[in-house]
Structure formats: C-alpha cells, structure tokens
Amino acid sequence: MAEYLVLALVLLGVLIAGTVGLVVPRLRRRPEPPLPRTEVDTRAEEDLAGPPVEAPESDLSTGVLVEPPPVLEPQVEVPEPTAGRLVRLRSRLSRSQNVFGKGLLGLLARDHLDEDVWEEIEDSLITADVGVDATRDIVDRLRERTRVLGTRSASELRALLAAELVNALDPSLDRSLRTAPKDGVPAVVLVVGVNGAGKTTTCGKIARVLVADGRSVLLGAADTFRAAAADQLETWGSRVGAETVRGPEAADPASVAFDAVKRGIDTGVDTVLIDTAGRLQNKVGLMDELGKVKRVVEKQGPIDETLLILDATTGQNGLEQARVFTEVVNVTGVVLTKLDGTAKGGIVIAVQRKLGIPVKLVGLGEGKDDLAPFDPAQFVDALLGTEATGRDA
Ligand SMILES: Nc1nc2c(ncn2[C@@H]2O[C@H](COP(=O)(O)OP(=O)(O)OP(=O)(O)O)[C@@H](O)[C@H]2O)c(=O)[nH]1
Ligand SMILES: [Mg+2]
C-alpha cells in the first residue's frame, strides 16, 4: 500500500514538473511586438538606457500564469524618452572620439607645445572636417590662452580645448524644434535633403520623439518619386500610431503635401511631418519641385520648421550640395545623420559655420530611437570623454 502511495506521489511530481517546464518557458518566449527586420537596433545593449521599454516582463516575474493578451495589429510602441539621449548614445561617436579625445588631448599633453605640435593639432582638426577657418580660430585661441594662462595640467588643457570647441559650436543658437500647434492648427515640418541622406528615417525618428513627448503626429509622404518611399514612411508611422497621407504613384508631391496638411488640420493633430524626395538637386526639377511644395503648403499656413538632412559621412562635399537647398526653402535647422559612421565629427562645426543654420538633431545609428537633440557642451564632452568616466568612455 505504502509503495503504491510513494509511486503515486512520484508520478504526480513528475507530472507537475513537466507541466511547469512546458508552460513557463512558453510564456517567457512570448513574442515581442513585430519589428521590420531592418530597423531592429542590434546595438541596443551598448546603451545605458535601462530595461527595454518594448518588452515589459513584469507580469511574468510574479509567476502568475496569465493568458497573453490578444495581439492587436498594428502594435503601437512606446518610444524611448528623449531626455539624455546624446549622453546615452555617446559611445556611437567612438570613431570621432579617437581623433578628438585620444588624438588632440594626446597632442596637448606633450611636454613642449612647439610649432610642430600646434601644426599637428591643426591637421587633426582639419582631418576631422572642422573646416580650415574654424580650425584656425580654434587653434589661435587655444595657443593664446595656453600661453597667457601657462596652462600645463592635462585637465586644464582639456577644459580649454572643450571651451574652444563649444565656442565654435555657438551655444547661443536656438535649437528647439518648432513642432507645437498654434491655436489648434498643427505645426508643419518639412524635411528636405539629397537622396540617401536619411530623410525618411529621420522623419520616422522625429515622429517617435514627438509621440514620446505626448504629441499626435501625421506623416505626409511627398516623396512620390520612389514607389517604396511611402511604404517606408508608413511603416514608421504605423508603429507609433501615426497616420500617413500618401498619393497615387507619381502623384504631384505638392498636392500630397497639401492633402497631408489639410488632413492634419481636419483631424486636429499637433504636428504634420512632410517627407520629400531627394533626387540630386542638380537634376532639373527637384528644386522647382521643392519650391512648389513649399508654396502650396503655405497656402494653408506657414511652415514652422524646415529641416535639412545632411549625411555626416559626405563631409565638405555634402556641404556644397546643401547650400542649394537653403536657397530654395527657408531651412531653419540641420539634422546631421550618420555621425556614428565617421571619424569626422568636426563636420558639425563646419556645417553651422558655412550654412549659418543651427544643427538641431544628430543621427547616431540606424536604430529607431538613435536620434538625439544636439547640445554643444554634451557633444564636446562625448567627443573628448569626460574626466569622470575616463577619456574614451
Ligand atoms: N548609421 C546610420 N545610418 C543612418 C542614419 N540615418 C539614416 N541612416 C541610414 O541611411 C539609409 C538611407 O536612409 P533614408 O531615410 O532612406 O534616406 P532618404 O534621404 O530618405 O533617401 P531617399 O528617400 O532615397 O532620398 C538607411 O539605410 C538608414 O538606415 C544614422 O544616423 N546612422
Ligand atoms: Mg526617403
């Protein structure tokens, strides 16, 4: 009898262990919201952003077995908060950090700051795309101040260099994005730039930033040049619950932009973001097309912000191309993308100096939240590495 009881208990134990073993792992593997494959940020672990927002597992930690909620299509995501992104994404500037942090600070730490060393410092800045004029200014001021102050300690030299770089980035410029509605009318943001610069991606990232800040957004797919362009934009929008207005293939971009603003007014969203085509600006027509988009949109009210998207890896060449845009539309801010892919972080200084337009945002990766508000002091700190965390943190 006792043997039967023991046997029954053992069987019961095996049964319970087996059930838990099957159920728990299955629950733990509950799928995350689907993401288009290309937009998954594979480097998320680099960030110190804390636990990922999109895969809350708190319900699992209690051990309570709950039915997974029905999958709603499309799943609306909660984007990462925007505060402190530049600090969190600072490691993405590692290529530029080598030039500024290791290179320049190393040179300044030499025993004798003679003519040769100053020339090397100049070369480093020019190689980092700071631009010849800005480099001369920075080095002249740095020379003068080290001479007058007799500065020698590494931390003092770092502070002087940081101050000159921040100064070259003109911290007094207004870098806020004008995206707030006025009197119930949505703010209109126009996004322009050469092809491949990152316009559509940046539109999507900005939409996420705005949604994270509690705004409602509508996207206008005024790139009717490429059939897939509107799909690409719509994918970004649907993930954060933003509607996309698109026209038939090869439709007039100006009329799509007009319809988007009209729809935005009718539905009462806070911000309308208009993505445009980026065929090379020297091709006949693109500049005319952009000028027309601008004029037609303005029939319903002013454009609040025109963002020029510039690929940081194209360096000084990109700058020349960019100037054409500033002649056709009233560019109010620059977004410098792909800073993660270049050692030439100094391009930020050159862009502002040459175009006279503030860099408002920087792109630091292909991930969906890899866009950060630009802040000169934080940026320079990231380039040089802070003393607290080491030079090339
Ligand atoms: N590494 C990196 N890649 C980026 C960044 N921003 C955009 N990209 C990539 O650049 C490529 C082009 O981006 P798009 O947004 O399609 O560029 P676009 O300006 O809309 O291009 P067209 O519509 O063809 O004119 C994509 O592969 C993006 O993932 C960035 O900050 N860093
Ligand atoms: Mg595009």
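Above: the structure in question.
Everything in this summary refers to the structure shown in the same document. (Residues numbered from 1 in each chain as written. Chains lettered and ligands numbered in written order. Predicted model: local features only at pLDDT ≥ 70, side-chain atom pairs only at ≥ 80, totals over all residues. Heavy atoms only, no water.)

Thoughts on the environment of Ala250
Let me state the cut-off plainly: Each helix is a run of DSSP H or I of at least 4 residues and each strand a run of E of at least 2, with the numbering of both proceeding from the N terminus.
In this structure, Ala250 sits in the loop between strand 3 (243–245) and helix 10 (253–267). Placed 23 residues apart in sequence, Ala250 and Ala227 show a C-alpha to C-alpha distance of 7.9 Å.

Focus on the pairing of strand 1 (residues 187–192)
Stated formally: Working definition: with a 1.4 Å probe on protein chains only, accessible area under 20% of the residue-type maximum means buried, over 50% means exposed, and in between means partly exposed. Strands were regarded as paired on the criterion that DSSP finds at least two bridges between them.
Buried residues dominate strand 1, accounting for six of its six residues. In strand 1, alternate side chains face the same way, and those of Ala187, Val189 and Val191 on one face and Val188, Leu190 and Val192 on the other are all buried. In terms of strand pairing, strand 1 meets strand 4 (residues 271–276) through five bridges, oriented parallel. What sits directly across from Ala187, in strand 4, is Thr271. Bridge count between strand 1 and strand 5 (residues 305–311): four bridges; the pairing is parallel. Residue Val191 lies in a different strand from strand 5, and its bridge partner there is Leu307.

With respect to the site of ligand 1
Where we set the bar: Note on terminology: near, applied to a residue and a molecule or strand, indicates that one of the residue's heavy atoms is within 4 Å of it. Contacts described as polar in this section are N or O atom pairs within 3.5 Å, which, within protein, must combine one atom able to donate a hydrogen with one able to accept it, while residues neighboring in sequence count only if both atoms come from side chains. Where accessible areas are quoted, they stem from the Shrake-Rupley method and a 1.4 Å probe; at the residue level, only the protein chains shown are allowed to cover.
The immediate surroundings of ligand 1 are formed by 20 residues, with Lys199, Thr200, Thr201, Asp340 and Glu366 found nearest. Within the backbone of Gly198, a nitrogen or oxygen atom sits 2.9 Å from an oxygen atom of ligand 1. Side-chain polar atom of Lys199 to an oxygen atom of ligand 1: 2.8 Å apart, as the coordinates give it. In isolation ligand 1 exposes 660 Å². Once the protein is present, 80% of that is buried. Of all the elements, helix 8 (residues 199–212) adds the most residues to the shell around ligand 1, at four residues.

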